[in-house]
Amino acid sequence: AQSVTQLGSHVSVSEGALVLLRCNYSSSVPPYLFWYVQYPNQGLQLLLKYTTGATLVKGINGFEAEFKKSETSFHLTKPSAHMSDAAEYFCAVSEANRDDKIIFGKGTRLHILP
Amino acid sequence: NAGVTQTPKFRVLKTGQSMTLLCAQDMNHEYMYWYRQDPGMGLRLIHYSVGEGTTAKGEVPDGYNVSRLKKQNFLLGLESAAPSQTSVYFCASDKAAVKHHSNQPQHFGDGTRLSIL
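Here the structure is a predicted model, which means the values were calculated and not measured. (Residues numbered from 1 in each chain as written. Chains lettered and ligands numbered in written order. Predicted model: local features only at pLDDT ≥ 70, side-chain atom pairs only at ≥ 80, totals over all residues. Heavy atoms only, no water.)

**Observations concerning the sheet that holds strand 7 (residues 64-68) of chain A**
Residue and element names in this part refer to chain A. The five strands are arranged 1-3-8-7-6 in an open sheet whose pairing can be described as antiparallel. Looking at which strands have only one partner, the edges of the open sheet turn out to be strand 1 (3-7) and strand 6 (56-58). When the angles between neighbouring strand axes are averaged without regard to direction, this sheet yields 20°. Strand direction decides the pairing type here: strand 7 and strand 8 (residues 73-78), joined by five bridges, are antiparallel. Residue pairing in the sheet places Ala65 in a bridge with Leu76 of strand 8. (Pairing = 2+ DSSP bridges. Helix = DSSP H or I, 4+ residues; strand = E, 2+ residues; numbered from the N terminus. Axes fitted to C-alpha atoms, helices over the stretch in contact; angles between N-to-C directions.)

**Focus on the layout of surface pockets**
One water molecule sets the probe size; rolling that probe over the atoms shows where empty space is left. Considering only enclosed or pocket space, the largest pocket measures out at about 360 Å³ in volume. Going through the elements one at a time, strand 9 (87-95) of chain A together with strand 4 (31-38) and strand 9 (87-94) of chain B are the ones with two or more residues in the lining of the largest pocket. When grouped by side-chain class, the residues that make up the lining of the largest pocket number seven nonpolar, 10 polar and five charged. (1 Å grid on protein atoms, 1.4 Å probe; cavity = no way out; pocket = protein on both sides within 12 Å on 5 of 7 lines; lining within 4 Å. Points joined across faces, edges and corners; volume = space filled by probe spheres on them. Nonpolar A, V, L, I, M, F, W, Y, C, P; charged D, E, K, R; others polar.)

By themselves, these observations are geometric and do not establish any function.
See below:
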């Protein structure tokens, strides 16, 4: 069965500093991996996804993530945090041979310090 | 371009009452999903549908029922509401299987905040 673990329910970084949100997954078959962002009182928006091919995936708003099979990780990074990045971030996994559902992690709330 | 619309946006129920949450999408998507979001729990899949007339159970289906009589609508029902069902409910839709996506999968609605007293 698939599962996703996000390390740290809350992460605080200073404006302009590196953002690193950690995600590890478990899947018995090749995974598809996703990062979503949720702003207050809104639904989820896709930041980026990995399905096949290049393991470094670039998304919107300057975010990127790297699929590392040996580490079963898909950490999200952004070189320089902006105040507008404050939100909750969800990592998610779907099995490549199961096309019907995505399993979400518990979320990491990102706080940006001025 | 409405996307995914959930109604109502807020609701307060008493224990034992029933209600139906409506999700409507205007993108001709085949796949539709109902999630609940609770603090520290992320999103958990309740039920989903891969096409009109079909439904399937997700991670936490107990206490809920769903119907997909029309392709554009996916209804989530609570037959006898319980305080444990207090949550924020999100509907999502998807044009195709994840593996066929070239862009964003799972368009989300803005959520329904449900409180059970």
